[in-house]
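Chain by chain, the residues:
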Amino acid sequence: MMPQTESYDSFYSKMMIGTEYKFAWLPETCYLTGKRIWLKRAYRMTRIITGPGESIFEYRWHDKNAHIIWELKR
């Protein structure tokens, strides 16, 4: 799923609880570039969705270089 730069993305709103620089043991896809992230370090953003019932954790992975450029453009 590729992001749309012109539309609002609720993932990065108030409910995002953190960003971690982690090692990707399993294959993941960079949300910004669509590149495969595997056996290297990348940024993982975590969002929590709460409601009546179980909390849901949603994750998005960013390649290290793409994440730095994304942060500078924000």
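Parameters at a glance
- Residues numbered from 1 in each chain as written.
- Predicted model: local features only at pLDDT ≥ 70, side-chain atom pairs only at ≥ 80, totals over all residues.
- Heavy atoms only, no water.
- Helix = DSSP H or I, 4+ residues; strand = E, 2+ residues; numbered from the N terminus.
- Contact = heavy atoms within 4.5 Å.
- Core = buried A, V, L, I, M, F, W, Y, C linked by side-chain atoms within 4.5 Å.
- Buried < 20%, exposed > 50% of the residue type's maximum accessible area, 1.4 Å probe, protein only.
- Arc of directions from axis to C-beta.
- Phe/Tyr/Trp six-rings, centres within 6.5 Å; stacked < 30°, edge-to-face > 60°.

J.: How would you sum up the environment of Met-15? Please name residues and give values.
T.: Tracing the chain through its elements places Met-15 in the segment before β1 (16-23). When residues no more than four places from it in sequence are discounted, the contact partners of Met-15 are Thr-46, Arg-47, Ile-48 and Thr-50.

J.: How would you sum up the nonpolar core? Please name residues and give values.
T.: Residues Ala-24, Cys-30, Ile-37, Ala-42, Trp-61 and Ala-66 constitute the largest nonpolar core, which totals six residues. If we ignore the near neighbours within four places in the chain, the residues touching Ile-37 are Ala-24, Leu-26, Pro-27, Glu-28, Thr-29, Cys-30, Ala-42, Trp-61, His-62 and Asp-63.

J.: Before we move on, could you go through helix α1 (residues 64-73) and cite the residues and values that matter?
T.: When α1 is considered as a whole, its buried residues turn out to be Ala-66, His-67 and Trp-70. One side of α1 carries all its buried residues, which in axial view fall inside an arc of 100°. Taken together, the buried residues of α1 touch β1, β4 (41-49) and β5 (56-62).

J.: Report on the side chain of Asp-63, specifying residues and quantitative values.
T.: Within the secondary structure, Asp-63 sits in the loop between β5 and α1. In contact with Asp-63, other than residues within four places in its own chain, are Cys-30, Ile-37 and Lys-40.

J.: Tell me about unusual backbone geometry, residues and numbers included.
T.: Of note, the phi angle at Leu-39 is positive, near 55°, even though the residue is not glycine. Examined against the element boundaries, Leu-39 turns out to sit in the loop between β3 (36-37) and β4.

J.: Describe the packing of aromatic side chains, listing the residues and the values that go with them.
T.: For the structure shown, the criterion picks out two aromatic pairs. Ring centres of Tyr-21 and Tyr-43 lie 4.8 Å apart, and the angle between their planes is 45°; on these two criteria the pair is classed as tilted. With Tyr-21 in strand β1 and Tyr-43 in strand β4, this pair connects stretches of sequence that are 22 residues apart. Centre to centre, the rings of Phe-23 and Trp-25 are 4.7 Å apart; their planes meet at 65°, and the pair counts as edge-to-face. The exposure class of Trp-25 is exposed, given its relative accessible area of 64%.

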